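Summary of the model geometry
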Amino acid sequence: MLLLLAAWGLRLQRLDFQDIWWDEARNIDVATRPLAQIAVAGELDIHPPLYFYLLHAWTSLTGAEAFLTRFVSLWFGVLTVALVYRLARSLRAGDRGREAALLAMALAALAPYGLAEAQETRMYTMSWAWLAAGALALWRALQEWRVGRGRRGWLVSWGPFVLLAAVSLLTHYATAIILATWGLWLSVWALRGGEWRSKLAALVATAAGVVLLCLPAAPIALRQIPGYDNPNLVLPDLPGYLAQLFRAFTLGEFVPEMSWRWGRWLWLVLPLGGALVQGVSADAREYMHRQRWSLLVVWLAGGLILFYGILIARSAFNPRYISFVLPALWALAGWALAGWRSLWRPLPWLSLALIFIPTGFSLHADLTDPAHFREDARGVVAYLQAHATPEDVILVDQRYPFGFYWPRWNNEAYGFPPAAPADVPPAQYLFVDMAHDDERRIDHRLTALAGRARQVFWVTWFESDMDPRGAVPALLDAHGRLIDTQYFRGYTVRAWQLQPPTRFRLPTEAVPLGIRFEPGVVLLAGDWYGRANPAPPAGNALVTLRWQVEAPTSRSLKVSVRLKEAGGATLAQDDRLLLNDRHVRTTAWWPGESARNVYRLTLPERPGVYLVTVVLYDEETLAAVGVADGSGIEPVIGRLSVAN
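Residues numbered from 1 in each chain as written. Predicted model: local features only at pLDDT ≥ 70, side-chain atom pairs only at ≥ 80, totals over all residues. Heavy atoms only, no water.

In terms of helices and strands, the protein chain carries 21 helices and 15 strands. Classification of the 644 residues of the protein chain by burial places 54% in the buried group. Put simply, of all contacts in the protein chain between residues at least 6 apart along the chain, 72% involve residues at least 24 apart. If you sum the accessible surface of the protein chain, you get close to 27500 Å²; carbon and sulfur atoms cover 60% of it. Treating the 59 positive side-chain charges of the protein chain as one cloud and the 54 negative ones as another, the clouds have centres 9 Å apart. (Helix = DSSP H or I, 4+ residues; strand = E, 2+ residues; numbered from the N terminus. Buried < 20%, exposed > 50% of the residue type's maximum accessible area, 1.4 Å probe, protein only. Contact = heavy atoms within 4.5 Å. Areas by Shrake-Rupley, 256 points an atom, 1.4 Å probe, with all protein chains shown as cover. Lys, Arg positive; Asp, Glu negative; His and termini not counted. Charge placed at Lys NZ, Arg CZ, Asp CG, Glu CD.)

Shown next as structure tokens:
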């Protein structure tokens, strides 16, 4: 009970201190919609709906403040701690089993990663609890089979496991990785010994039961999973993958570097040493429940291996995606530490105390160090309240969580801020569309939203990929004057002064170019300020180029657009990644796909006619890519006139 209270109290510390961030805001927004709209919400992204249904019920009773929505994660996090006790307790008989359980429970109660997830409005602690309870239900079913009751009453014996496996899958799809490892382990169990036909029949019935319970969510999963991919993600190699997970799941992602350098060896040596002591101790082997121990090992090791295979195929990595191995890790670590008792009775607890020294630094950093806090949304809001007026407009590159802090807000992609409250500056989520040539295109949207504004505030999130081609700042630079830039934790706010009325314009009357570069990349067309009519001196000229790839390139490419004198001197240039409308590099473009990219050139004060050139080059090696006809590496695409 003391350990449970410690887990409870630790997770309550500063529960609502940090601002709501993107994931949390999305989850709260979806959960607070009418029940019938949750399953069909596009914002579900890659998540099944059960967590959102439960959060909907909770917020209907309590409200949707940060403390209350995070409390759901906290509660399931503490429940996981209790279930880890039962998992570890089942590994050994007698006092040694109880000691192993208490050690495992202490590790779970004070785990930095467990604290972090229990203080966010997400579904991970709920999934941990379902899986831990599911493993206990599975052991109960196997025990009943052993004594003969499982053959006579399948529903009573296997029903709880079926239910918990199904709700795990309906809470997070990645729990299927753990269920798959359990399935492999159960297959070995069924084929070993006698009655293999009866065992296999029970497993088929169990799998069918899980499928039937999950069947109503199948249309949602089929809509979400097949197309999910992130080609821009840099995948770790296997050692890097294991190193990241080891750090996150032992001492936490925010452990100070000095503590990590020596603390990792404690986490590695002490559990492994205790496990080796148990392996050579006849007394320890006698009282160990090998079948349950093997399931936990398969749960931990198999989960890590299977997830890495999926990671390579689907490009989706974050330690939380495979955090479902944590109950097994904590239970096995507690069992391993208990092995030191064979040498000296206090050794398990001394080992735990040594592990908790660096753990304490990690917990302190998680709770108190601003460097590890989530985004400073309230800091951004305070700045905007002090500097923006109702005659200005605030544009934000993410739908969440700005609306939780700003009353005059609209987060629809092509919507407009509400009229009230009139004394608050209007704020709008800005979806950057460069694919269409109608009112949805970014220059038309900026004209509609900010054409009458005196100032535009552009708020960008540090993980955003909304405008990687830089269309918004390029347009604002071309039609206004940058007057302020402020940096906050997780956000950048830039302000431009305009002279209304402002008509934003991308140069889109494209001139056919048809320049083919060697790796099958074609510059189809382009347009720029100063092509048809002279541009004003000392301003910013926009260049838009339409690119096409014949097939995905083997390497990622960048483009350098340059303004040059006739003698060859470069006056201005803009280098950017070549991206498509899905914001992915050329290595992931579809065959024949084309996209418009925008570039900004600072014009000279001296009037005249200048050359616009293009260089295509390798992102990593910086080696230029030649034109296919052998004419060089920097073709001239046209001329730009600067007025007197």
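The next point concerns the packing of helix 9 (residues 154-171) against helix 11 (residues 196-214). Helices that pack against each other are described as a pair by the angle of their axes relative to one another and the distance between those axes. Where helix 9 contacts helix 11, the axes come no closer than 9 Å and their chain directions differ by 45 degrees. As the angle between them shows, helix 9 and helix 11 are arranged oblique. For the crossing formed where helix 9 meets helix 11, the hand is right-handed. Where helix 9 abuts helix 11, its residues Trp154, Trp158, Phe161, Val162, Leu163, Ala165, Ala166, Leu169 and Leu170 lie against Ala202, Leu203, Ala205, Thr206, Gly209, Val210, Leu213 and Cys214. For the contact of helix 9 with helix 11, the class distribution of residues is 15 nonpolar, two polar and no charged. (Axes fitted to C-alpha atoms, helices over the stretch in contact; angles between N-to-C directions. Parallel < 35°, antiparallel > 145°, perpendicular 65-115°, else oblique. Left-handed = near helix turned anticlockwise from the far one by under 90°. Nonpolar A, V, L, I, M, F, W, Y, C, P; charged D, E, K, R; others polar.)

Moving on, we come to the sheet that holds strand 7 (residues 511-517). Read from one edge to the other, the open sheet built from four strands follows the order 7-8-9-12, with strand pairing classed as antiparallel. Where the open sheet ends on each side, the last strands, each with one partner, are strand 7 and strand 12 (594-602). Each adjacent strand pair in this sheet contributes to an overall mean axis angle of 25 degrees, direction not counted. Bridge analysis of strand 9 (residues 540-549) against strand 12 gives nine bridges, and the strand direction is antiparallel. Bridged to alanine 541 within strand 12 is leucine 601. (Pairing = 2+ DSSP bridges.)

Together, Met258, Trp262, Leu354, Ile357 and Phe361 line one region of the surface with nonpolar side chains, adding up to about 490 Å² of accessible area. Broken down by secondary-structure element, the contributors of at least two residues to the nonpolar patch are helix 14 (257-280) and helix 18 (347-368). If you tally residues by element for the nonpolar patch, the top one is helix 18, at three residues. Positionally, phenylalanine 361 belongs in helix 18. (Patch = residues over 30% accessible without salt bridge, like charges linked within 9 Å, V, L, I, M, F, W, Y side chains within 5 Å. Salt bridge = Lys/Arg side-chain N within 4 Å of Asp/Glu carboxyl O.)

To continue, consider the pairing of strand 5 (residues 481-488). For strand 5 and strand 6 (residues 491-497), the ladder comprises seven bridges, and the chain directions are antiparallel. Note on strand 6: the bridge partner recorded for glutamine 486 is valine 493. Once strand 5 ends, the chain turns through two residues before running back antiparallel as strand 6, passing glycine 490 with a positive phi of about 90 degrees.

Any two aromatic rings considered together are summarised by their centre-to-centre distance and by the angle between their planes. In the structure shown here, the tally under the stated rule is 29 aromatic pairs. Through pairs of rings, three or more aromatic residues link up here, namely Trp145, Trp158, Phe161, Trp182, Trp189 and Trp299. The aromatic ring of tryptophan 21 is capped on one face by arginine 374, whose charged end is 3.4 Å from the ring centroid. Above the ring of phenylalanine 416, the side-chain terminus of arginine 445 is found at 5.0 Å from the ring centroid. (Phe/Tyr/Trp six-rings, centres within 6.5 Å; stacked < 30°, edge-to-face > 60°. Lys NZ or Arg CZ within 6 Å of the ring centre and 35° of its normal.)

So, on to empty space enclosed by the protein. A complete count under the given rule lists four cavities of 30 Å³ or more for this structure. As a volume, the largest cavity reaches approximately 50 Å³. Along the walls of the largest cavity sit Pro112, Tyr113, Ala116, Gly252, Glu253, Phe254, Ser362 and Asp366, which together make up its complete lining. For the lining of the largest cavity, the secondary-structure elements that each account for two or more residues are helix 7 (112-118) and helix 18. Looking at which element gives the most residues to the lining of the largest cavity, the answer is helix 7, with three residues. (1 Å grid on protein atoms, 1.4 Å probe; cavity = no way out; pocket = protein on both sides within 12 Å on 5 of 7 lines; lining within 4 Å. Points joined across faces, edges and corners; volume = space filled by probe spheres on them.)

With that settled, the discussion passes to the environment of valine 269. Along the chain, valine 269 falls in helix 14. Taking relative accessible area as the criterion, valine 269 reaches 49% and is therefore assigned partly exposed. Sequence separation between valine 269 and proline 519 is 250 residues; the distance between their C-alpha atoms is 51 Å.

So, about helix 4 (residues 50-62). The first and last C-alpha atoms of helix 4 sit 18 Å apart over 13 residues, in line with the 18 Å expected at 1.5 Å per residue. In the core, the buried residues of helix 4 are packed alongside helix 2 (22-31), helix 3 (35-38), helix 5 (66-89), helix 8 (124-147) and helix 9. Positive backbone phi, at 105 degrees, marks glycine 63, one or two positions downstream of helix 4. (Expected span 1.5 Å × (residues − 1).)

Right, let's get into the nonpolar core. The tendency in soluble globular proteins is for nonpolar side chains to be buried as a group. The biggest cluster of nonpolar side chains holds 110 residues, and the ones touching the most others in it are Trp158, Trp182, Trp189, Phe249 and Trp299. In terms of residues, this core owes the most to one element, helix 8, which gives 16 residues. If we ignore the near neighbours within four places in the chain, the residues touching tryptophan 182 are Leu131, Gly134, Ala135, Phe161, Leu295 and Trp299. Leu384, Val393, Phe488 and Leu506 belong to the second largest nonpolar core, which has 78 residues in total. (Core = buried A, V, L, I, M, F, W, Y, C linked by side-chain atoms within 4.5 Å.)

Spatial ordering of the open sheet is given by 2-3-1-4-6-5, a layout of six strands whose pairing is mixed. Across the chains shown, the open sheet's two edge strands, defined by having one partner strand only, are strand 2 (409-410) and strand 5. As paired strands, strand 4 (residues 455-461) and strand 6 are joined by seven bridges and run antiparallel to one another. For tryptophan 461, the partnering residue across the bridge sits in strand 6 and is tyrosine 491.

Summarising the element assignment, threonine 460 is placed in strand 4. In contact with threonine 460, not counting residues within four places along its chain, are Asp397, Gly490, Tyr491, Thr492 and Arg494.

What follows covers the layout of surface pockets. Put simply, the second largest pocket is a space of about 570 Å³. Taken together, 21 residues form the lining of the second largest pocket, with Trp267, Leu272, Leu300, Leu329 and Leu332 sitting closest to its centre. Split into classes, the residues belonging to the lining of the second largest pocket amount to 20 nonpolar, one polar and no charged.

Now for helix 19 (residues 377-387). Taken together, the buried positions of helix 19 are occupied by Ala377, Gly379, Val380, Val381, Tyr383 and Leu384. Those residues of helix 19 that are buried lie in contact with strand 1 (393-396), strand 4, strand 5 and strand 6.

Another point: the environment of isoleucine 178. As for its placement among the helices and strands, isoleucine 178 is situated in helix 10 (residues 175-191). Along the sequence, isoleucine 178 and glycine 415 sit 237 residues apart, while their C-alpha atoms lie 42 Å from each other. Residue contacts for isoleucine 178: discarding those within four places in its chain leaves Leu131, Trp299, Gly303, Phe324 and Val325.

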